[in-house]
Amino acid sequence: MKVLVIGGGAREHALCRSLSLDPDVTALHCAPGNAGIAEVAELHPVDQLDGEAVARLATELGAELVVVGPEAPLVAGVADAVRAVGIPVFGPSGEAAQLEGSKAFAKDVMAGAGVPTARSYVCTTPEEIDEALDAFGAPYVVKDDGLAAGKGVVVTDDLAQARAHALSCDRVVIEEYLDGPEVSLFAITDGTTVLPLRPAQDFKRALDGDEGPNTGGMGAYSPLPWADPKLVDEVLATVLQPTVDELRRRGTPFSGLLYAGLAITTRGVRVIEFNARFGDPETQVVLARLKTPLAGVLLNSANGTLDDQAPLSWSDEAAVTVVIASHNYPDTPRTGDPIEGLDEVAEKDAPHAYVLHAGTRRDGDAIVSAGGRVLSVTATGTDLEQARERAYAAVGRIRLDGSQHRTDIARKAAEA
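Residue positions are given per chain, counted from 1 along the sequence in the order it is written. Per-residue local features of the predicted model are confined to residues with pLDDT of at least 70, and side-chain atom pairs are confined, for both listing and counting, to 80 or more; whole-chain, interface and lining totals are unaffected and use all residues. Based on all heavy atoms of the structure, the side-chain values leave hydrogens and waters out of the count.

## Topic: the overall build of the protein chain
1) Next: Secondary structure follows DSSP: runs of H or I at least 4 residues long count as helices, runs of E at least 2 residues long count as strands, and numbering of each begins at the N terminus. Tallying secondary structure elements over the protein chain gives 14 helices and 24 strands in all.
2) Next: A globule of 416 residues ought to have a C-alpha radius of gyration of about 22 Å, and the protein chain, at 20 Å, matches this closely.
3) Next: Taking the principal axes of its C-alpha atoms as reference, the protein chain extends roughly 55 × 45 × 40 Å.
4) Next: Three labels apply to residues, based on accessible area from a 1.4 Å probe with only protein chains included: buried if under 20% of the type maximum, exposed if over 50%, partly exposed otherwise in between. A total of 416 residues make up the protein chain; the buried ones form 57% of that total.
5) Next: Look at the contacts in the protein chain between residues 6 or more apart in sequence, and 69% of them connect residues 24 or more apart. Both definitions apply: the radius of gyration is a C-alpha atom measure, and the globule rule equals 2.2 Å times residues to the power 0.38. In this analysis, two residues are considered to be in contact whenever any of their non-hydrogen atoms come within 4.5 Å of each other.

Right, here's the structure in full:
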C-alpha cells in the first residue's frame, strides 16, 4: 500500500513512524513533513489547506490511502477533495469536522446524542458574555468557538482575564468548570463502527505543577494506572457511539479519528471537548503502545469496513512523551536555533527512546527549530517510572538554546 500523510508535526511523525514499521506499507510519503519525518518518508511541498492540491498530489503519487493529520485541513474540507478523486482517506468530511471546528456545533451534537458535558452558553455580545460569566462564577472557562491550535481556551479565577479573552473572540462558549482529572480517549470510526484506542493523559500548562499558560500540550503518558478499568467501555457506550450515531442520523457521518477530551468529575464522566483528529502529544504515547499494524486499521476506517477489523493488540509497556519547546512558547516562539544531540539519542537510547520532530527544518547540514513545540521525546518501559527515566535521559542529551520542557510529566501517576 502507498500511503500519503498530510501534516508536518510530531503527531504526523508518530503516524509516519508507525506506518513505516508496517510491512504492508510499500511506499510512504508526507506533505509537507519536517526534518525528522524525512528519515522515514519522502517529503513533498504542498499547501495542506488546499484540497485540490492535496488530491492532485495523491493522484500523482498513486496513493492508495491518504491520512490527514491536522485539524485545519480537515475543517477546510481536504478529505472531501481527496474522496472526490476516488482515493480512500482517513479523516472526516469538512462538515463532520465541525465537531472540532465549532464548539457550539459540538455542544448541539452532544445535546442531540444525550452525551454528558458541561453546561454552557454561546455568546456573541458583551452583554451575553457578562451574563454567562456571572451565572457560572469562578473558575471561568472561556473557549473560542473556532480553531485556535490548542490555545483558544482560558481557565482562570480572574474575571478580567476571562472577560478579555471572551471579548477577543467573534463567538465564544462559556461553560461551567469541570473538576477532576482529565483523560484523552481516541477512537477510530468509519461512521458506524467505533473502535476505541487506549486512554492517555496530556499536560496542557506550560510549567511544572500545571502552572503557566495553556499550550498545545507539553507531554503525555499511557496507560493511566489510576483510571477505572471500565472507563473505556463506559465512554464508548455513553459518549463515542452515541456521538457517531447522532452525526450519522444528521446526514453528516463521521469517519476518521474521534478524540474525546474527558473530565472524570465527582458526578461522573463529562466531555470537555471533541477533536476530529489524533491529538498531539497523546498520539505519540498511544501509538508507541499499539502492536497492530496501523495502515490496515486506517484503511478499514476509510473504506467503511471497520467491522471486519480484528481486535487491536496492545503492548503492556508504558509510554511517556516529553515536549521540548522553543524559547518564549506559547507566545511567539524563537526559531532558527540549531538542535544538537539527536544522534546521541539514536545511538544510546534506541529502541526504548526516540525523538519525534514537531517544529523542525533542515538548514544545510544542521537541523534547526521551526516552531513552538520543537520535539517530542518518547520512551517506553515496563512501567511509567522506567518510561519516565528513559524519556528524561534522552531529553538530557538534546541541546537547543533557550528551550523549555516540563520535568513532571507522568510523575504523579508513576509514584501512585
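## Some remarks on the nonpolar core
1) Next: Counting 75 residues, the largest nonpolar core has Leu-4, Val-66, Leu-240, Val-320 and Ile-398 as its most contacted members.
2) Next: At seven residues, the largest contribution of residues to this core is made by helix H9 (residues 231-249).
3) Next: Those residues in contact with Ile-398, other than ones at most four positions away along the chain, are Ile-324, Ile-339, Glu-340, Gly-341, Leu-342, Val-345, Val-355, Leu-375 and Val-377.
4) Next: Among buried residues, the Ala, Val, Leu, Ile, Met, Phe, Trp, Tyr and Cys ones that are joined through side-chain atoms within 4.5 Å form a nonpolar core. Formed by 39 residues, the second largest nonpolar core is a distinct cluster that contains Leu-19, Val-25, Cys-30 and Ala-41.

## Notes on the side chain of Asp-280
1) Next: Within the fold, Asp-280 resides in the loop between strand S17 (268-275) and helix H10 (282-289).
2) Next: Under this definition, polar contacts are N or O atom pairs within 3.5 Å; protein pairs additionally need one hydrogen-donor-capable and one acceptor-capable atom, and for neighbouring residues in sequence, both atoms have to be side-chain atoms. There is a polar contact of 2.9 Å between the side chain of Asp-280 and the side chain of Gln-284.
3) Next: Residues within four places of Asp-280 in sequence aside, it is in contact with Ala-10, Arg-11, Gly-216 and Arg-373.

## A look at the sheet that holds strand S5 (residues 89-90)
1) Next: Taking strand neighbours across the sheet as the criterion, the five strands line up as S3-S2-S1-S4-S5 in an open arrangement whose pairing is parallel. Where the open sheet ends on each side, the last strands, each with one partner, are strand S3 (42-43) and S5.
2) Next: Any two strands with at least two DSSP-identified bridges between them are counted as paired. Direction of pairing for strand S1 (residues 2-7) relative to strand S2 (residues 27-32): parallel, over a ladder of six bridges. Paired with Val-3 across the two strands is Leu-28, which belongs to S2.
3) Next: To get an axis, fit a line to the C-alpha atoms, keeping to the stretch in contact for a helix; angles then go from 0 to 180 degrees between the N-to-C directions. The sheet contacts of helix H2 (residues 51-61) involve S1, S2 and strand S4 (65-68), and relative to S1 the element is tilted by about 155°.

## Focus on the sheet that holds strand S16 (residues 256-265)
1) Next: One open sheet holds the four strands; their spatial order is S11-S10-S16-S17, and the pairing between them is antiparallel. Whereas interior strands pair on both sides, the edge strands pair on one side only; in this sheet they are strand S11 (194-196) and S17. Adjacent strand axes in the sheet meet at a mean angle of 35° when their direction is disregarded.
2) Next: Of the pairings in the sheet, the one linking S16 to S17 comprises seven bridges and is antiparallel in character. Its bridge partner being in S17, Ile-264 is matched across the sheet by Val-269.

## Things to note about the side chain of Glu-246
1) Next: When you line up the elements, Glu-246 lands in helix H9.
2) Next: Excluding its chain neighbours within four sequence positions, the residues that come into contact with Glu-246 are Val-109, Gly-112 and Ala-113.

## Let's talk about the pairing of strand S15 (residues 219-222)
1) Next: The two faces of S15 match: Gly-219 and Tyr-221 on one face and Ala-220 and Ser-222 on the other face are all buried.
2) Next: As paired strands, strand S12 (residues 201-202) and S15 are joined by two bridges and run antiparallel to one another. The residue bridging Gln-201 from the neighbouring strand is Tyr-221, located in S15.
3) Next: Where S15 meets strand S18 (residues 318-325), four bridges bridge the pair, whose relative direction is antiparallel. Its bridge partner being in S18, Ala-220 is matched across the sheet by Thr-321.

## With respect to the packing of helix H6 (residues 103-113) against H9
1) Next: Two elements in contact, H6 and H9, have axes whose closest approach is 9 Å; the angle formed by their N-to-C orientations is 100°. It follows from the interaxial angle that H6 and H9 lie roughly perpendicular. Contact residues: Phe-105, Val-109, Gly-112 and Ala-113 in H6; Pro-242, Thr-243, Glu-246 and Leu-247 in H9.
2) Next: Residues are grouped as follows: Ala, Val, Leu, Ile, Met, Phe, Trp, Tyr, Cys and Pro are nonpolar; Asp, Glu, Lys and Arg are charged; all remaining types, including Gly, are polar. Along the lines of polarity and charge, the residues of the contact of H6 with H9 split into five nonpolar, two polar and one charged. Every angle not falling under 35 degrees, over 145, or within 65 to 115 is termed oblique; those three ranges are roughly parallel, roughly antiparallel and roughly perpendicular.

## Details of a negative patch on the surface
1) Next: For patch detection, residues must exceed 30% relative accessible area and be free of salt bridges, and they are connected within 9 Å for like charges or within 5 Å for nonpolar side chains (Val, Leu, Ile, Met, Phe, Trp, Tyr). Calculation of accessible area relied on Shrake-Rupley with a 1.4 Å probe; when residues are assessed, cover is drawn exclusively from the protein chains displayed. Counted as salt bridges are all cases of a side-chain nitrogen of Lys or Arg within 4 Å of a carboxyl oxygen of Asp or Glu. In this tally Asp and Glu are treated as negative and Lys and Arg as positive; neither His nor the chain ends contributes. To locate a charge, take atom NZ for lysine, CZ for arginine, CG for aspartate or CD for glutamate. Together, Glu-127, Glu-128, Glu-131 and Asp-134 line one region of the surface with negative charge.
2) Next: If you trace the backbone, Glu-128 turns up in helix H7 (residues 126-136).

## Section: H2
1) Next: Those residues of H2 lying buried are Gly-51, Ala-53, Val-54, Ala-55, Leu-57, Ala-58 and Leu-61.
2) Next: With a side-chain oxygen positioned 3.2 Å from the backbone nitrogen of Glu-52, the residue opening H2 is Asp-50.

## Concerning unusual backbone geometry
1) Next: For the bond running from Ala-31 to Pro-32, omega is 0°, close enough to zero to count as cis.
2) Next: Inspection of the secondary structure puts Pro-32 in strand S2.
3) Next: With an omega of 10°, the peptide bond between Tyr-329 and Pro-330 qualifies as cis.
4) Next: As for its placement among the helices and strands, Pro-330 is situated in the loop between S18 and strand S19 (339-340).
5) Next: One non-glycine residue, Asn-328, adopts positive backbone phi at about 85°.
6) Next: Checked against the element boundaries, Asn-328 lands in the loop between S18 and S19.
7) Next: What makes Asn-328 partly exposed here is its relative accessible area of 38%.
8) Next: Positive phi outside glycine occurs at Ala-410, with the angle close to 70°.
9) Next: If you trace the backbone, Ala-410 turns up in the loop between strand S24 (399-400) and helix H14 (411-415).
10) Next: On the basis of relative accessibility, which here comes to 1%, the residue Ala-410 falls in the buried class.

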